[in-house]
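# Remarks on the overall topology
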Number of protein chains: 2
Amino acid sequence: MKRIDSIKNEQVKTWKKLHTRKGREKAGKFLVEGFHLVEEALKAPIHVEAVIMTEETVLPSAWSLSDHEIILVSEQVMKDISETETPQGIAAVCDLPAPPIVDVLEGQYLLIDRVQDPGNVGTMIRTADSAGMTGVVMGEGCVDIFNSKVIRASQGSIFHLPVIKGNLLTWIERFKEESIPVFGTALEGASSYSAIEPQRKFALIMGNEGEGVSEDLLAVCDQNIYIPIFGQAESLNVAVAAGILLYYLRG
Amino acid sequence: MKRIDSIKNEQVKTWKKLHTRKGREKAGKFLVEGFHLVEEALKAPIHVEAVIMTEETVLPSAWSLSDHEIILVSEQVMKDISETETPQGIAAVCDLPAPPIVDVLEGQYLLIDRVQDPGNVGTMIRTADSAGMTGVVMGEGCVDIFNSKVIRASQGSIFHLPVIKGNLLTWIERFKEESIPVFGTALEGASSYSAIEPQRKFALIMGNEGEGVSEDLLAVCDQNIYIPIFGQAESLNVAVAAGILLYYLRG
């Protein structure tokens, strides 16, 4: 079993490069951390190149690692490659999956327009998974799906449903061609969501935290909707709003 | 106008003590940061002791600060007292408000049981405000309301509705005495929320991220409810779940 004690080891340096989008795309790999996420990665149809652990790490007995390289590292190395405050002593290096291919468009989709906060994006993917969405489409200008904070906030849901990067205008056209109604979210020129009936098929677009959904997308949606504010808050958090709308629309 | 350039100044040290719950309770004060939150504090029925700004800070013309002490600080001091990565150059020292008094119990309440993450608690207060709740009750074991991350995630909603610290068992009894139905959230022995009708009056309890609502609270609720998971996620984020339930129950 390979063993790495020094943070100056070349392998450690390559792992740390996976903390940036550029590093991940160059290497074609990403890192996951913590028992729950490593387990999700092992169950997912992706290639897990290596499992990284310390001598103190106690592996769950249900895990079968016979097909995977295991690398033992010192506590110091684990801390160095970790992006959490209290590392659990377990991580995995995975191959970036091939982009999901969606041939036949049906079902229910969440579209995300320029949402930057990784916690919000991860939570929206987790919420879309919970609400039984068919897939998520991430438009240009969103935070990277394989950012460690996105993966963590998604609680592994990035492994459960297709999360597709794409141009949202193109995707809206595809939905409309298949007669799938596309709902934008906007404060002006929009109807209260409760005026809409739940839908068997739909695409819902959630937008940037400050600016909302882009005007050019709103202009081509079938209908734009909003969530009424009954108190004095200015708005809802985007992931909370996504939860309210997805659970309402799916019926 | 008072001016502080050095981070070694005694005043700066007293401000930094407000970053902890203990420090806030001892001083009877708390700090808010950023234009939006300082503005909310100035509009709120609380005493703003001083507004802290740098020479570069451009105050919105609508602000009336004639009744408030203004303290100019160096960029370095602002950075030192700030708990955000990119300080906006504006902060305020406020007196901790007296605990809100709720004599007559009516309306719609969110109760929070041992939620630890400040982002989740702040987002739940913001969501309760958006959904027009009458108040929020924070049980023992929750993160402190005046934690800067809670205030930030609440986006100022902590100033918009009564947020009361209290013993949740006692509060559940009070609600039941007034014939206000109390809903716990639980996975077992619970009904899907959609089986319940929206309610003119209610109290909804959301629980700790990992453990949910305590058994002793669930045992005395009128009814326990859950949100169905239609995909492969294990659960929803607690603030997202609060949003779905509050908007559904208020009707």
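Owing to the predicted nature of the structure, the values given are computational and were not obtained by experimental measurement.

Reading the values: rules and limits
Residues numbered from 1 in each chain as written. Chains lettered and ligands numbered in written order. Predicted model: local features only at pLDDT ≥ 70, side-chain atom pairs only at ≥ 80, totals over all residues. Heavy atoms only, no water. Domains from an automatic or database assignment. Contact = heavy atoms within 4.5 Å. Buried area = accessible area lost by both parts, 1.4 Å probe. Salt bridge = Lys/Arg side-chain N within 4 Å of Asp/Glu carboxyl O. Polar contact = N/O pair within 3.5 Å; in protein donor to acceptor, adjacent residues only side chain to side chain. Helix = DSSP H or I, 4+ residues; strand = E, 2+ residues; numbered from the N terminus. Buried < 20%, exposed > 50% of the residue type's maximum accessible area, 1.4 Å probe, protein only. Arc of directions from axis to C-beta. Least-squares fit on C-alpha atoms with pLDDT ≥ 70 in both. Pairing = 2+ DSSP bridges. Axes fitted to C-alpha atoms, helices over the stretch in contact; angles between N-to-C directions. Phe/Tyr/Trp six-rings, centres within 6.5 Å; stacked < 30°, edge-to-face > 60°.

## Things to note about the domain arrangement of chain A
Residue and element names in this part refer to chain A.
- Per the domain assignment, the segments making up chain A are domain 1 (2-95) and domain 2 (108-250).
- Just the C-alpha atoms count here: the centres of domain 1 and domain 2 sit 31 Å apart.
- Counting residues at the interface gives 14 residues for domain 1 and 13 residues for domain 2.
- The contact between domain 1 and domain 2 buries some 1,100 Å² in all, and 58% of this surface belongs to carbon and sulfur atoms.
- Among the residues of domain 1 in contact with domain 2, Arg-21, Arg-24 and Leu-37 are the three that bury the most area, contributing 38% of the side total.
- Here domain 1 and domain 2 share two salt bridges between them.
- With a closest N to O distance of 2.8 Å, Arg-24 and Asp-144 form a salt bridge.
- Joining domain 1 to domain 2, the criterion identifies six residue pairs in polar contact (both at pLDDT 80 or more).

## Focus on unusual backbone geometry
Residues and elements named next belong to chain A.
- With phi around 55°, Arg-114 is a residue other than glycine that occupies positive phi space.
- Topologically, Arg-114 is positioned in the loop between strand E6 (108-113) and helix H5 (118-130).
- Using a relative accessible area of 22% as the deciding quantity, one classes Arg-114 as partly exposed.
- Residues other than glycine seldom take positive phi values, yet Ser-179 does so here, at roughly 60°.
- Looking at the secondary structure, you find Ser-179 in the loop between helix H7 (168-177) and strand E9 (182-185).

## A short note on the pattern of salt bridges
- On inspection of all chains with the given rule, the structure shows 22 salt bridges over all chains.
- Of the charged contacts, one joins Arg-3 of chain A and Glu-55 of chain A as a salt bridge, the two residues approaching to 2.7 Å between their closest N and O atoms. Highlighted residues: Arg-3 of chain A in strand E1 (residues 2-4) and Glu-55 of chain A in the loop between strand E3 (48-53) and strand E4 (69-73), separated in sequence by 52 residues.
- Taking the shortest distance from any N to any O, the salt bridge between Lys-16 of chain B and Asp-80 of chain B comes out at 3.2 Å.

## Description of helix H3 (residues 35-43) of chain B
Residues and elements named next belong to chain B.
- The set of residues buried in H3 consists of Leu-37, Val-38, Glu-40 and Ala-41. Viewed end-on, H3 has its buried residues packed into an arc of 160°, placing them on one side of the element.
- Buried positions along H3 lie against strand E2 (29-33), strand E3 (48-53), strand E5 (90-95) and helix H6 (148-154).

## Thoughts on the relation of the copies chain A and chain B
- Mapping chain A onto chain B calls for a screw motion: a turn of 180° about the axis and a shift of 0.0 Å along it, with 0.0 Å RMSD after fitting. Viewed as a symmetry operation, the transformation between the two copies matches a two-fold axis.
- A shared interface surface links the copies, since 97% of the contact residues of chain A are contact residues in chain B too.

## Section: the sheet that holds strand E8 (residues 163-165) of chain B
Residue and element names in this part refer to chain B.
- Pairing within the open sheet is parallel, and its seven strands lie in the order E8-E7-E6-E11-E9-E12-E10. Of all the strands in the sheet, just E8 and strand E10 (191-192) have a single pairing partner and so form its edges.
- Where strand E9 (residues 182-185) lies against strand E12 (residues 223-226), three bridges are found, and the strand directions are parallel. The partner of Phe-183 across the bridge, within E12, is Gln-223.
- Set on the sheet, helix H7 (residues 168-177) makes contact with strand E6 (108-113), strand E7 (135-138), E8, E9 and strand E11 (202-207); between it and E6 the angle comes to about 160°.

## Section: the packing of aromatic side chains
All names here are of chain B.
- Taken as a whole and judged by the stated rule, the model has 14 aromatic pairs over all chains.
- When the ring of Phe-35 is compared with that of Trp-63, the centres are 6.0 Å apart and the planes differ by 50°; the resulting orientation is tilted. Here Phe-35, found in helix H3, pairs with Trp-63, found in the loop between E3 and strand E4 (69-73); they are 28 residues apart in sequence, far enough to count as distant.
- Owing to a relative accessible area of 24%, Phe-35 belongs among the partly exposed residues under this scheme.

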